[in-house]
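Listed here are the chains, written in short residue letters.
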Amino acid sequence: MEKLEHVHGSIVAIPVNDIDTDQIIPARFLKVTDKEGLGKAAFCDWRYLEDGETPNPEFILNNPAYQDAAVLVAGDNFGCGSSREHAPWALLGAGFKAVVSTDFADIFRNNALKNGLLPIVVDADTQQQLFSLADEEPSTTVSVDVEAQTLTLPDGRAVSFPLDGFSKYCLLNGVDQLGYLLALDSEVADFEARNPQRIVTNA
Amino acid sequence: MTSNGNARTLFEKVWDAHTVREQTDDTPAVLYIDLHLVHEVTSPQAFSMLRERGLSVRRPDQTIGTMDHSTPTTPRNELGIIPVADALAAKQLDVFTQNCGDFGIPMYALGDAHQGIVHVIGPEKGLTQPGMTIVCGDSHTSTHGAFGALAFGIGTSEVGHVLATQTLLQNKPQTMAVNVEGRLSDGVTAKDIILAIIAKIGIGGGTGYVFEYRGEAIRSLSMEGRMTVCNMSIEGGARAGMVAPDDTTFEYISGRKHAPSGADWDAALAKWRALPTDEGADYDKEITIRADELIPMITYGTNPGMGMPITASVPAPADEPDYNRKIALDKALTYMDLAPGQKLLGMAIDVVFIGSCTNSRISDLRQAAEFVKGRKVADNVRMMVVPGSQQVKQQAESEGLDAVFKAAGAEWREAGCSMCIAMNGDQLLPGQYAVSTSNRNFEGRQGKGGRTFLASPLTAAASAIAGVVTDPREMAASSL
């Protein structure tokens, strides 16, 4: 995972509540065995017309003015549904570094943080302000400071967002969480010695 | 701590018993995992990571694999083999076989007599037991909570963590008691309970919580009914749902392949009986619904929270006070091509799907068969019946249920996830309406442009016969 200290970029809004991971990436794209090329499939069924190839001119991500957006602003409860980590892989592949919503589904948030995609929780007023800004001025940019846990709007207002200390450490240092767990090997061995094995799958 | 003194909830007991390292301000808790279920779709990148780092699987003897998501459910050929036509799916299955073989993980491959949907075979084999921690790269892992296990879905990075270390970093969730009081009426099932709960709390209402389902209606359910309820906990935003183990649980487990036996059974039983929530233990939140007031439920929209009693009318966006929710409802009705105030009862449908980790067990198939027996599926309807596992399929065939379905004109398929996730070729066509016993009615979930009404196996079977959305209480079970 690469370090993520700041995000400075333009925004695009999909003001839809409960965007599920089947919309972020439909299941038919999950037959891959690696993480490559999934950006093309992000929001596929909203992005393309029925033939699956022709861009839907109505869909905001196809608007040339928003092509460089790095921050996606979405409706409430983003990322609900399936546990597929292909969802953050697809969003990263499509160029996003952060997603802003009023709340995130648990598994999506976990998956996003493990891949350096920052889930930013804001209040409903800030969400609405960002929807309006994105709509009125496509070149609207925001700044995110991971260390300070702030999202700074074009008017200079800095909005704080929650981020657990461990995920923050991993983002700022570009380390993944597995290293931490691997270092606990002897503690895990002690646990196993104290607790009888509950199931033997190959018995 | 949420509880009084030493009184603890079921969840807290299981959590405490698996804490390798306590949660601190700086680090999440480290939780030991008893059982890790893996399948072909969410594991390949995790195995690749192990290879890149030169890591092994710490406990292949606590890991088990099955093929289910991308597998075809079409009939076997003359050699008894289920052919995989899709090259990408075939490659994914080959990679899974290779990975399980290389890392020493036992696995049920396509065509094996014990293969099936991961959340069907865990309980079926007696692998799922009370008090365990169980994870899988699949959000419906919550199913296993029906046994009083703490079971939840994880992403592929976390699949890698568990493969390598048998542990997981987790922030402790909050607890919500979901009380289901009273008894269900005839024609109303476990599926209707969970659809009613999700309609009440909304699709994000359980985010951050572990549910514990309690009350007379839950106690009265069979294990398969409890699995149906726990299965859809995630559709209310909760990663896990649990039911305290009781005699119904123990009776289900007893004698299964991986169940303890002899003196081990007695020792296990003593531990399991200590798991239910202590008197006086507190939950962070509590909700109650009345089972005796429920009628069959059906969804009308594009997430499982958009559900209603089957006799009700589709709600109007104009009546929704919250702006974002108004927009969401409007968008959902446009996709579903439904009008505010419209009744779903009597609406023509194209497909009925009976299957998925929610409703593909033997009791589900028996319920559906009761309606279908001696009748014909309506001409306008394609009915697919997809057993959850090869063992369920064999059991159903030994009871003659396959003959009942086939005589009615339904398709009797091989085991797998099938049209619930529509990544194996079993899918709706654009614009089609389906009554489905699965768990998600998201846009395109069952095929691009397809429209899903989630309902119970009874409602699905009655609708298949009538050709229109039908209240199963209005159609008597076949007397033949």
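It should be emphasised that the depicted structure is a prediction, and the values quoted were computed from it without experimental measurement.

(A) Spatial organisation of the interface of chain B and chain A. At the junction of the two partners, chain B supplies 80 residues and chain A supplies 66 residues. A buried area of about 5,900 Å², summed over both sides, lies between chain B and chain A, and 55% of it is on carbon and sulfur atoms. When the area that chain B buries against chain A is broken down by residue, the three leading residues are B:Gln45, B:Asn324 and B:Lys448, summing to 11%. The interface formed by chain B and chain A contains nine salt bridges. The partner of B:Arg58 in a salt bridge is A:Asp185, and the shortest N-O contact between them spans 2.6 Å.

(B) Examining the side chain of B:Thr299 more closely. All names here are of chain B. Within the fold, Thr299 resides in strand S13 (residues 297-299). For Thr299, the side chain forms a polar contact with the side chain of Asn441, separated by 3.2 Å. A polar contact is formed between the side chain of Thr299 and the backbone nitrogen of Leu454, at a distance of 2.8 Å. Each residue touching Thr299, except ones within four places of it in the same chain, is listed here: Leu195, Pro304, Met306, Gly307, Leu344, Asn441, Thr452, Phe453 and Leu454.

(C) Examining the sheet that holds strand S16 (residues 382-385) of chain B more closely. Residue and element names in this part refer to chain B. Read across the open sheet, the five strands follow the order S17-S16-S15-S18-S19; overall the sheet is parallel. Each edge of the sheet is formed by a strand with only one pairing partner; in this case those strands are strand S17 (411-412) and strand S19 (451-454). Note that strand S18 (residues 433-436) and S19 share four bridges and pair parallel. Pairing of Val435 across the sheet is with Phe453, part of S19.

(D) Spotlight on the side chain of A:Asn77. In this structure, A:Asn77 sits in the loop between strand S2 (71-74) and helix H3 (86-93). A polar contact of 2.9 Å, which involves the side chain of A:Asn77, links it to the side chain of A:Asp18.

(E) Expanded view of the confidence of the model for chain B. Overall, the predicted model of chain B reaches an average pLDDT of 96, with 99% of residues at or above 70. At the level of chain-chain contacts, confidence expressed as ipTM amounts to 0.97, with global pTM at 0.97.

Each value, and the rule that gives it
Residues numbered from 1 in each chain as written. Chains lettered and ligands numbered in written order. Predicted model: local features only at pLDDT ≥ 70, side-chain atom pairs only at ≥ 80, totals over all residues. Heavy atoms only, no water. Contact = heavy atoms within 4.5 Å. Buried area = accessible area lost by both parts, 1.4 Å probe. Salt bridge = Lys/Arg side-chain N within 4 Å of Asp/Glu carboxyl O. Helix = DSSP H or I, 4+ residues; strand = E, 2+ residues; numbered from the N terminus. Polar contact = N/O pair within 3.5 Å; in protein donor to acceptor, adjacent residues only side chain to side chain. Pairing = 2+ DSSP bridges. pLDDT = per-residue confidence, 0-100.

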